[in-house]
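Residue-level listing of the chains:
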Amino acid sequence: MTGLVDREHLLSSVEMAHFVSHGSILLESVVPEAMNARAIEVFDAGIPGYPYGTPLDEAFPVGTFVRELLDLPAVAGAVQSLVGPNPRIDHHAVHVRPPHGGEAQNMHGDAILDTRTDAFDVQLMYYPKDVTLEQGGTLSVPGTHLRKINQTGIGRYQNLAGQTRLVCPAGTVAFLHHGIWHGGRRNDSDQPRYMFKIRFNPTVRQLRLWNTDDIDDPQVLQELRAPFGWTSANEGRLELVNRAKLWRVLTGDQEFDIDYYLTREQLRPQFVAPGATDVRLGSNRSAGGWNY
Amino acid sequence: MTTTTTSVEAAFAAQPAQPNLRQQLLILYLGTSALDSNVIGWTRYDGTGRSRPTMGDSDEPPYATGLDALLDGWRLIQLSQLQPHQPGHEYDVSYLPYEFVFERLVDISA
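Residues numbered from 1 in each chain as written. Chains lettered and ligands numbered in written order. Predicted model: local features only at pLDDT ≥ 70, side-chain atom pairs only at ≥ 80, totals over all residues.

So, about the overall build of chain B. Scanning chain B from terminus to terminus reveals two helices and four strands. Its C-alpha atoms give chain B a radius of gyration of 19 Å, more than 25% over the compact-globule value 13 Å for 110 residues. Overall, chain B is about 55 × 40 × 25 Å in size when its C-alpha atoms are taken along their principal axes. Expressed as a percentage of the 110 residues in chain B, the buried residues total 19%. (Helix = DSSP H or I, 4+ residues; strand = E, 2+ residues; numbered from the N terminus. Rg over C-alpha atoms; globule rule 2.2 N^0.38 Å. Buried ≥ 20, exposed ≤ 12 C-beta atoms within 10 Å, placed from the backbone.)

Following this line, the structure appears as structure tokens:
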């Protein structure tokens, strides 16, 4: 995990573009069944805490279950693609929803309003057991991660067009942009629901960290343009602008645009055309004054 | 003229004019500031206590547009102001801007 991951395990440009537009990417059943079977015992026993920003090596030393999880090639590749090598561990948590337990949370963004536009944290969510609709997996709203809101300021948004409820097979790992709007749902099943979460902080500039071999694939632009129910009217173009800004950060390409919105804004020519050089035009007149 | 006052608690404990009525609220988030634009988000609160709407309780909006809610008898009691874009932050995105709050009064004795 702390060494560089083989290129073949990194995310592709199309997958990164999906992350930029949706605010998440899902790796279904990437954790082997044998590990999923051990996970519950490990989570029930508890995973030690540590200070914010602890290096990964210290938080999860080799030999621990979590380190084994993070060293799985697909998981390590996704982490390196999103936040780079040697990330720091912000915090972790095991969330358990008991059978027929809990109330639906109000919709929220985690932590506190995050002002960064040139970096982001990623949250890993690992589900060691199948998550069914009845178990009330996390509801999230794709595409909301770039909207600056504070915590549960969005608490009165109960439903948004395009929202999704996580339903996944055991061994699924989801990666979420820190800003995505979401909420835990009530567990209406007879089975407890387990989720293990780790928040990663980058320690390098998040520039071209993934496998960029497919950077010119037309599917990249298609992913970046992904529409959602709630972006169907006035908010849609603003979302495209913000995704284009993030893609500029990630690729280093300051001329990238999804539509023409950012490009048009930069059209501020300074060259004075020859026909406009008559300095006598309106040059030395002050305002007339009251009753002048 | 002398005015006799009572405690705030006593005044506010008085029976309402129509004690059998409760408020139901419907909050619609629309695609634009026009009431007849499409619903992109929706929320309900039930003052009757007979239901408990929560986050993620439905994937289809109760109405296609805000106007459809009016046609079905909901009364619009508030709509969001149109805020100018802050210079330098015109492209910034945050809370949903077009919020419409509706109510209807329901007879709980029925």
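Having put the structure on the table, let's press on.
This part is about the nonpolar core. Residues Ala78, Val79, Val122, Leu124, Tyr126 and Phe175 of chain A together with Leu28 of chain B are the most contacted members of the largest nonpolar core, which totals 77 residues. For Leu28 of chain B, the residues in contact, after removing those within four places along its chain, are Val39, Trp42, Gly66, Ala69, Phe100 and Phe102 of chain B. (Core = buried A, V, L, I, M, F, W, Y, C linked by C-beta atoms within 7 Å. Contact = placed C-beta atoms within 7 Å.)

All names here are of chain A. In spatial order, the strands read 1-8-4-10-3-2; together these six strands make up an open sheet with antiparallel pairing. A single partner strand is all that each edge strand has here, and the edge strands are strand 1 (24–27) and strand 2 (54–55). The pairing of strand 2 with strand 3 (residues 88–97) spans two bridges and is classified as antiparallel. Bridging from a neighbouring strand, Thr54 pairs with Ile89 of strand 3. (Pairing = 2+ DSSP bridges.)

For the rest of this paragraph, the subject is the interface of chain A and chain B. Facing 31 residues of chain A, the contacting portion of chain B comprises 23 residues. Residue assignment for the side of chain A that touches chain B shows that the elements contributing at least two residues are strand 6 (159–160) and helix 7 (235–251) of chain A. If one sorts the elements of the side of chain A that touches chain B by residue count, helix 7 of chain A sits on top with five residues. Considered class by class, the residues forming the side of chain A that touches chain B number 13 nonpolar, 11 polar and seven charged. Pairing geometry for strand 6 of chain A and strand 2 (residues 39–46) of chain B, over two bridges, is antiparallel. Residue pairing in the sheet places Asn159 of chain A in a bridge with Trp42 of chain B of strand 2 of chain B. (Nonpolar A, V, L, I, M, F, W, Y, C, P; charged D, E, K, R; others polar.)

To continue, consider the sheet that holds strand 1 (residues 21–30) of chain B. Pairing within the open sheet is antiparallel, and its five strands lie in the order 6(A)-2(B)-1(B)-4(B)-3(B). The open sheet has two free edges, formed respectively by strand 6 of chain A together with strand 3 (75–79) of chain B, since each of these has just one partner strand.

With that out of the way, let us pick up the domain arrangement of chain A. Where interface size is given, it is often the accessible area lost as the parts come together that is meant. All names here are of chain A. Assigned domains within chain A: domain 1 (7–201) and domain 2 (215–265). Taken over C-alpha atoms, the centre of domain 1 sits 25 Å from the centre of domain 2. Between domain 1 and domain 2, the contact holds 17 residues from the first and 19 residues from the second. With eight residues, helix 1 (residues 13–22) is the largest single contributor of residues to the side of domain 1 that touches domain 2. Here the side of domain 1 that touches domain 2 is composed, by residue class, of nine nonpolar, seven polar and one charged. (Domains from an automatic or database assignment.)

All right, on to the pairing of strand 4 (residues 99–107) of chain B then. Residues and elements named next belong to chain B. With nine bridges connecting them, strand 1 and strand 4 associate as antiparallel partners. When the bridges of strand 4 are listed, Tyr29 appears paired with Glu99. Summarising the sheet, strand 3 and strand 4 pair through four bridges and their orientation is antiparallel. Along strand 4, the bridge assignment pairs Arg75 with Glu103.

All names here are of chain A. With their axes 9 Å apart at the nearest point, helix 1 and helix 7 run at an angle of 140° to one another. Considering the angle they form, helix 1 stands oblique to helix 7. The two elements helix 1 and helix 7 cross, and the hand of that crossing is right-handed. Between helix 1, through Met16, Val20 and Ser21, and helix 7, the contact on the second element is made entirely by Arg243, Leu246, Trp247 and Leu250. The residue makeup of the contact of helix 1 with helix 7, split by class, is five nonpolar, one polar and one charged. (Axes fitted to C-alpha atoms, helices over the stretch in contact; angles between N-to-C directions. Parallel < 35°, antiparallel > 145°, perpendicular 65-115°, else oblique. Left-handed = near helix turned anticlockwise from the far one by under 90°.)

Residues and elements named next belong to chain A. Relative to the helices and strands, Asp217 resides in the loop between strand 10 (193–201) and helix 6 (218–224). According to the C-beta neighbour criterion, Asp217 is partly exposed, with 14 such atoms within 10 Å. In this structure the C-alpha to C-alpha distance between Asp217 and Val14, which are 203 residues apart in sequence, comes to 7.5 Å. For Asp217, the contacting residues outside a window of four places in its chain are Ser13 and Val14.

All names here are of chain A. Of note, Asn86 is a non-glycine position whose phi angle comes to about 50°, a positive value. Along the polypeptide, Asn86 turns up in the loop between helix 5 (73–83) and strand 3. Looking at Asn86, the number of C-beta atoms within 10 Å reads 16, which means it is partly exposed. Look at Ala111: it is not a glycine, yet its phi comes out positive at around 60°. By the secondary structure assignment, Ala111 is in the loop between strand 3 and strand 4 (122–127).

Helical periodicity: at 3.6 residues per turn, an α-helix aligns residues three or four positions apart in one direction. Residues and elements named next belong to chain A. The buried count for helix 1 comes to nine of 10 residues, which makes it a mostly enclosed element. By the burial criterion, the buried members of helix 1 are Ser13, Glu15, Met16, Ala17, His18, Phe19, Val20, Ser21 and His22. Of the surrounding elements, those touching the buried residues of helix 1 are strand 1, helix 5, helix 6 and helix 7. A positive backbone phi angle near 80° is found at Gly23, which sits one or two residues after helix 1.

Let us now look at the pairing of strand 10 of chain A. Residue and element names in this part refer to chain A. Most of strand 10 sits inside the fold, with seven of its nine residues counted as buried. Pairing of strand 3 with strand 10, which is carried by nine bridges, proceeds in the antiparallel orientation. Paired with Arg97 across the two strands is Arg193, which belongs to strand 10. Alignment of strand 4 against strand 10, held across five bridges, turns out to be antiparallel. When the bridges of strand 10 are listed, Met125 appears paired with Lys197.

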